[in-house]
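# Examination of the molecular architecture
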Amino acid sequence: MRKYSKLIVAAIIALVFIGTFVFLWQKSQPKETVYQEFSPTLNDVRKTTIITGKIEPRNEVNVKPQISGIITQLLKEPGQLVQQGEVIAKVKVIPDMGQLSSAEARVRLADINLQQARIDYDRLQKLYDKQLVSADEYEKMRQKLHQAKEEVTAAQDALQVVRDGVSKSNASASSTLVRSTISGVILDIPVKVGNSVILSNTFNDGTTIASVANMNDLIFRGNIDETEVGQLVEGMPMKITVGALQDLKFDAALEYVSPKAVESNGANQFEIKAAVRVPDASSTVKGGTLRSGYSANAEIVLAEVQKALTIPESAIEFSGDSTFVYVLTGSAGAKQYVRRPVSTGLSDGVNIEIKKGLTPKDKVRGPEMITDIKE
């Protein structure tokens, strides 16, 4: 019995040894390399670039007061439409003491001159009635009286403007009323009731009461790298994508490329501007309102070839300035590939144009196929 047991154990060990040997021998045998194969096809090839920027109005106007004072009333809010000449805010004048003193002195002097002109006129009129003076001399005196009256009126108006910001003669054009200089949408009102404001002069820019812009005339502003700016031409079409509006897209046309570069993160970039075409000339679009400052991406087609013979760029072998492909030859049995030079053109990063060296009937070897390893 023991004898048979030893024979069985020996047989099992032999089988394990032989199985292991066969397995290792099979694993050591070289496997046939299998490649992907492509047939050249006719496709449109486009080389595009994406530019990051933002949407903004072409012209944004800062409305400033014509006088210095304190905001007493705000009649508009950001986001509202406003017409040219419409009142946005009211300002209470804080008069300059020097100007106020000068205006009051002018009124007093004008009153004195008017009183003296009346006395002289009355005296001369009596003499004229007795025909003791000429008509010419009488007319000159009457004109002097009229001038004195006008000077009193002008001095009083000037005093009212300095003191109150408005006079009786120009109440409709009061400088205390801050009016919009253009028609559009109010983007921002950075002041509040009670804030002091100053007018623009030589020494400062003045206080901005409101920012107004025409939101139907928008532009895209962004920067493009110097390696691509040479391919831009004014008038090139662009596709603008606004992520905040459910990836809504607008057509645009390139209208400006900066002649001077700016350095950004160690690279030279050039500013570009493009006119955005909003559907129906309205700033309200599907998905929301198109607002100033929205981040956007612009896609520009730098070059394009239509109906070009193309293959995947992964099938191209680059060697210096030359390009090669491996073309399938031979019988249906053992596959053989012949290295063939080709002339390439435009590439979109996936497919590349073949100008010369291939036909649609050729089969081109691609990258090696990777098979999953079964455990």
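One structure accompanies this document, and this report is about it. The residue count restarts for each chain, going from 1 along the sequence in the order it is written. Residue-level local features of this predicted model are given only where pLDDT is at least 70; pairs of side-chain atoms are given and counted only at 80 or more, and the full residue set underlies all totals for whole chains, interfaces and linings. Water and hydrogen atoms were dropped before computing side-chain values, which therefore reflect all heavy atoms in the structure.

## Topic: the overall build of the chain
Note the threshold: Only runs of H or I of at least four residues qualify as helices and only runs of E of at least two qualify as strands under DSSP, and these elements are numbered from the N terminus. Note on classification: 1.4 Å probe, protein chains only; a residue is buried when its accessible area is under 20% of the maximum for its type, exposed when over 50%, partly exposed between these limits. Here, residues are in contact when the closest pair of their heavy atoms is within 4.5 Å. The method behind every accessible area is Shrake-Rupley, applied with a 1.4 Å probe, and residues are considered shielded solely by the protein chains displayed.
On a plain count of helices and strands, the chain comes out with 4 helices and 22 strands. Per-residue burial over the chain gives 31% buried out of 375 residues. If you take every contact in the chain between residues at least 6 apart in sequence, the share linking residues at least 24 apart comes to 72%. Summing over all exposed atoms, the chain offers an accessible surface of approximately 24400 Å²; the carbon and sulfur share of this is 52%.

## A few points about the pairing of strand S21 (residues 351–356)
Our working rule: What makes two strands pair is DSSP finding at least two bridges between them.
Of the strand pairs in this sheet, strand S17 (residues 295–312) and S21 are connected by 3 bridges, and their pairing is antiparallel. Residue pairing across strands places Ile311 opposite Ile352, the latter belonging to S21. Bridge count for strand S20 (residues 336–347) against S21 is 3 bridges, and the pairing is antiparallel. Within S21, the position partnered with Ser343 by the bridge is Lys356. Hairpin remark: S20 followed by S21, antiparallel, with 3 residues in the connecting loop; positive phi at Gly349, about 95 degrees.

## Re the packing of aromatic side chains
Heads up, the rule is: Aromatic pairing here means that ring centres of Phe, Tyr or Trp (its six-membered ring) are within 6.5 Å. Orientation follows from the plane angle: under 30 degrees is stacked, over 60 is edge-to-face, and everything else is tilted. Note on geometry: a ring has a charge over it if NZ (lysine) or CZ (arginine) is within 6 Å of the ring centre and within 35 degrees of the ring normal.
In the structure shown here, the tally under the stated rule is 1 aromatic pair. Residue placement shows Lys273 over the ring face of Tyr256; its charged tip is 5.1 Å from the ring centre. Lying across the ring of Tyr326, Arg365 places its NZ or CZ 4.2 Å from the centre.

## Some remarks on helix H2 (residues 97–129)
Threshold: Here the expected length of a helix is defined as 1.5 Å per residue gap, with one fewer gap than residues.
Compared with the 48 Å implied by 1.5 Å per residue over 33 residues, the 48 Å span of H2 between its first and last C-alpha is a close match. Buried within H2 we find Leu100, Ala103, Val107, Ala110, Leu114, Ala117, Asp120, Tyr121 and Leu124. Gln131 sits one or two positions beyond H2 and adopts a positive phi of about 60 degrees.

## Some thoughts on the nonpolar core
Defined as follows: Only buried residues count toward a nonpolar core, which is a set of Ala, Val, Leu, Ile, Met, Phe, Trp, Tyr and Cys residues joined through side-chain atoms within 4.5 Å.
Counting residues in each nonpolar core, the largest one holds 28 residues, and the members touching the most others are Ile55, Phe220, Leu232, Met238, Ile240, Val242 and Ile272. Only strand S2 (41–57), strand S11 (218–225), strand S12 (237–242), strand S13 (248–264), strand S14 (267–277) and S17 provide two or more residues apiece to this core. Not counting chain neighbours up to four residues away, the residues in contact with Ile240 comprise Ile55, Phe220, Leu248, Lys249, Phe250, Ala252, Ala296, Asn297 and Ala298. If you look at the next biggest cluster of nonpolar residues, it comprises 17 residues, including Val107, Ala117, Val152 and Leu159.

## A short note on the pairing of strand S19 (residues 322–329)
In this sheet, S19 lies alongside strand S18 (residues 317–319) in antiparallel orientation, the contact comprising 3 bridges. Across the sheet, the residue bridging to Glu317 is Phe324, located in S19. Connecting S18 to the next strand, S19, in antiparallel fashion are 2 residues, including Gly320 with a positive phi near 65 degrees. For S19 and S20, the ladder comprises 7 bridges, and the chain directions are antiparallel.

## Examining the environment of Arg277
Within the secondary structure, Arg277 sits in strand S14. Each C-alpha atom, one on Arg277 and one on Leu218, is 7.7 Å from the other, the two residues being 59 residues apart in sequence. Contact partners of Arg277, with chain neighbours within four places excluded, come to Phe250, Asp251, Ala252 and Ala253.

## Comments concerning the sheet that holds strand S4 (residues 69–74)
Taken in spatial order, the 4 strands make up an open sheet running S7-S6-S4-S9, and their pairing is antiparallel. With partners counted over all chains shown, the strands left at the sheet margins are strand S7 (177–179) and strand S9 (196–197), one partner each. In this structure, strand S6 (residues 87–93) lies alongside S7, joined through 3 bridges in antiparallel fashion. Across the sheet, residue Lys90 finds its bridge partner in S7, namely Leu177.

## Describing the sheet that holds strand S5 (residues 81–82)
If you walk across this open sheet you meet the 4 strands as S3-S10-S8-S5, and the pairing is antiparallel. In the strand order of this sheet, the two ends are held by strand S3 (60–63) and S5, each with one partner. In this sheet, strand S10 (residues 210–213) lies alongside strand S8 (residues 184–188) in antiparallel orientation, the contact comprising 3 bridges. Paired with Asp188 across the two strands is Ser211, which belongs to S10.

## Re the side chain of Ser258
Our working rule: Here a polar contact is taken to be a pair of N or O atoms separated by no more than 3.5 Å, where protein atoms must pair a possible hydrogen donor with a possible acceptor and residues adjacent in sequence count only if both atoms sit in side chains.
Checked against the element boundaries, Ser258 lands in strand S13. The class for Ser258 is buried, based on a relative accessible area of 12%. Engagement of the side chain of Ser258 in a polar contact is seen with the backbone oxygen of Lys260, the distance being 2.9 Å. Those residues in contact with Ser258 that lie beyond four places of it in its chain are Phe270 and Glu271.

## Comments concerning the pattern of salt bridges
Spelled out, the test is: Basic side-chain nitrogens of Lys or Arg form a salt bridge, by our definition, when they fall within 4 Å of a carboxyl oxygen of Asp or Glu.
Taken as a whole and assessed by the stated rule, the structure comprises 14 salt bridges. The partner of Arg221 in a salt bridge is Glu56, and the shortest N-O contact between them spans 2.5 Å. Here the residue Arg221 occupies a position in strand S11, and Glu56 occupies one in strand S2, the gap between them amounting to 165 residues. Look at Arg221 and you get partly exposed, because its relative accessible area is 24%. Judged by its relative accessible area of 14%, Glu56 falls in the buried class. Across the salt bridge formed by Arg142 and Glu139, the nearest N and O atoms sit 2.8 Å from each other. Here Arg142 pairs with Glu139, and both are found in helix H3 (residues 135–164), just 3 residues apart, close to one helical turn. Judged by relative accessible area, Arg142 falls into the partly exposed class, the value being 32%.

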